[in-house]
Amino acid sequence: MAKLTSKKSEVHSNSNKRARIEVAKPAKRGVPTSRSQAKEITTAEATSKPQKPSKSKGKEKAVDSTTDEGHLADESTTPPRTFKIVAGSYEKLLYGLEGSTTLSDGELGYEIHIKPIFAFPAHVSCIKAVAASPNGGKWLATGSTDEIIKVWDLRRKKEIGGLMHHEGSITHLNFPSRSHLLSASEDGTLCLFRARDWTVLRSLKGHKGRVNSVAVHPSGKVALSVGKDRMLRMWDLMRGRGSASTKLGKEGELVRWSTDGSLFVVQAQSTIDIYDTTMSLIRTINHPSRLHDVRFCKRVNGEGEVLLACAEDKKVSIYDVPKDDLASRIVGIMTGHSNRVKAVDTLAISLPASTPSGRLTTTIVTTVSSDGNVHVYDLSALPLNSTSKEIAEIKPAASYSTKGTRLTCVTLADGEVSTSAVDLTKKRKHDEGESDDGENDDEWGAGEEDEDEEEEEEEEEEEEEEA
């Protein structure tokens with residue numbers, strides 16, 4: 001595979017490879033700048049169903065908006081049975097934890113365990129953002145006020161190199177798929193990288209000033225961003241250009257899509273504004289304290305979604321997300337921190353076989369705080385139904401202390417997938433007439449030996465040289 005460079009001039013030279021991207025030219029039309037114009041963006045454009053990703057090993061077809069390969073989203077996979085937590089800090093330290101579940105005699109019939117696997121200074125300045133590639137991917141990206149994006153091989157605990165395309169602090173990182181990384185910066189730009197060789201596919205410009213947050217729709221075709229210019233912008237990732245924008249009237253700090261892509265939220269200070277896909281405001285949640293992070297998550301018990309809100313009040317509030325005009329309300333709280341909760345992430349995992357409840361999967365919620373603690377919660381503790389007077393209190397299922405490090409950001413990454421899950425997936429492919437020639441080795445290979453990974457990388461390098 002191509003090596004990352006630490007020299008800015010060399011990184012910029014990679015942009016010459018953009019000629020390999022085949023982008024269909026869209027019809028000319030003005031970018032809407034008012035709410036009435038933004039409503040013309042059809043729901044279908046933002047909620048298209050994910051297409052099947054390309055299965056070519058070691059080689060990726062050019063991005064084309066008319067083909068399935070132009071799609072950035074990965075198809076869902078069997079939840080992993082282990083997981084990794086990576087957290088960044090003001091003190092430039094990067095912490096890595098490994099989590100697993102075991103059978104127990106407790107009420108749930110299983111326990112969650114986490115243990116440290118690494119801790120080291122990853123940047124020369126404060127770490128502001130961290131992201132892991134999804135669906136069994138092995139990449140980890142960290143962003144800092146030193147203006148560098150570091151890329152790591154999470155399985156081998158090895159630094160790959162640094163991306164120096166931005167000219168400002170890195171504010172947000174997101175892997176919309178295993179093969180793409182999207183970044184935001186104080187320089188006012190968004191960058192889309194291809195993970196195979198870390199080429200800059202697109203540099204999206206439109207914000208005037210710092211970009212605070214970016215969120216990619218579950219389809220992988222559309223992204224939203226907010227920034228210091230008080231604008232909400234929508235980006236067409238297939239064409240690499242802006243498709244809509246609207247004035248918020250305040251500086252949006254975070255933007256997040258719902259898990260089904262039918263809603264998104266913009267967080268600013270202590271408010272959460274909920275929008276539909278036409279960028280129309282549905283309702284506003286006024287939280288009692290300053291917010292730092294929000295995230296949608298599917299319920300474990302029952303249907304629908306909840307919204308997790310981290311704040312200065314030292315806890316994570318769980319809001320329901322009704323589809324009608326009813327106001328959102330707090331149905332649960334996650335406690336255990338002694339200082340502001342800075343960030344949250346979620347991940348569905350597989351449970352040990354033969355649990356008393358018969359449940360095969362659950363969703364874990366990981367939080368980090370300025371108190372230096374990493375907490376893991378089990379969302380199955382949130383009851384199916386609750387009245388307006390009932391607020392479920394969820395305590396940590398597992399914890400780790402960094403002994404006072406001021407943690408700023410966190411991400412959850414897939415670990416190993418159970419053998420039975422792999423066999424089931426292979427059987428399904430066989431039944432559907434699909435070949436299993438190893439194109440997804442890196443998806444299931446979190447537990448493989450380093451020798452196997454080295455052989456895979458050598459094969460990819462040979463294929464690239466032949467091309």
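Residues numbered from 1 in each chain as written. Predicted model: local features only at pLDDT ≥ 70, side-chain atom pairs only at ≥ 80, totals over all residues. Heavy atoms only, no water.

Caption draft 1: How the structure looks around the overall build of the protein chain. Across its full length, the protein chain carries six helices and 29 strands. Counting over 467 residues, the protein chain shows a buried share of 54%. Contacts in the protein chain between residues far apart in sequence, at least 24 positions, make up 56% of those at least 6 positions apart. Roughly 20,400 Å² of accessible area belongs to the protein chain as shown, and the carbon and sulfur atoms make up 46% of that amount. (Helix = DSSP H or I, 4+ residues; strand = E, 2+ residues; numbered from the N terminus. Buried < 20%, exposed > 50% of the residue type's maximum accessible area, 1.4 Å probe, protein only. Contact = heavy atoms within 4.5 Å. Areas by Shrake-Rupley, 256 points an atom, 1.4 Å probe, with all protein chains shown as cover.)

Caption draft 2: Expanded view of the pairing of strand β13 (residues 222-227). Most of β13 is tucked away, with six of its six residues classed as buried. Sheet topology note: the strand β12 (residues 211-216)/β13 ladder contains five bridges and is antiparallel. Its bridge partner being in β13, Val 214 is matched across the sheet by Ser 225. Hairpin connection, β12 to β13: the antiparallel pair is bridged by five residues, and Gly 220 has positive phi, about 80 degrees. As judged from the five bridges shared by β13 and strand β14 (residues 231-236), these two strands associate in the antiparallel manner. By the bridge assignment, Leu 224 is partnered in β14 with Met 234. With antiparallel pairing between neighbouring strands as the criterion, β13 and β14 make up a hairpin whose turn holds three residues, including Arg 230 at a positive phi of roughly 65 degrees. (Pairing = 2+ DSSP bridges.)

Caption draft 3: Looking closely at the side chain of Asp 273. Relative to the assigned elements, Asp 273 resides in strand β18 (residues 271-276). A polar contact of 2.8 Å, which involves the side chain of Asp 273, links it to the side chain of Lys 250. Setting aside its immediate chain neighbours within four residues, Asp 273 contacts Lys 250, Phe 264, Val 265, Val 266, Leu 281, Arg 283 and Thr 284. (Polar contact = N/O pair within 3.5 Å; in protein donor to acceptor, adjacent residues only side chain to side chain.)

Caption draft 4: Just the sheet that holds strand β25 (residues 361-369), in detail. Spatially, β24-β25-β26-β28 is the arrangement adopted by the four strands of the open sheet, whose pairing is antiparallel. Across the chains shown, the open sheet's two edge strands, defined by having one partner strand only, are β24 (341-350) and β28 (398-401). Strand after strand, the sheet turns through a mean of 15 degrees between neighbouring axes, direction not considered. Relative to β25, β24 runs antiparallel, the two being bridged by nine bridges. Paired with Val 341 across the two strands is Ser 369, which belongs to β25. (Axes fitted to C-alpha atoms, helices over the stretch in contact; angles between N-to-C directions.)

Caption draft 5: Here's a closer look at the pattern of salt bridges. Here the structure, examined in full by the defined rule, presents 14 salt bridges. Asp 197 is the partner of Arg 194 in a salt bridge, and the nearest nitrogen-oxygen pair spans 2.9 Å. Residue classification places Arg 194 among the buried positions, given a relative accessible area of 5%. Taking the shortest distance from any N to any O, the salt bridge between Arg 239 and Asp 236 comes out at 2.7 Å. Relative accessible area serves as the criterion here: at 32%, Arg 239 is assigned to the partly exposed category. Take Asp 236: its relative accessible area is 7%, and that puts it in the buried class. (Salt bridge = Lys/Arg side-chain N within 4 Å of Asp/Glu carboxyl O.)

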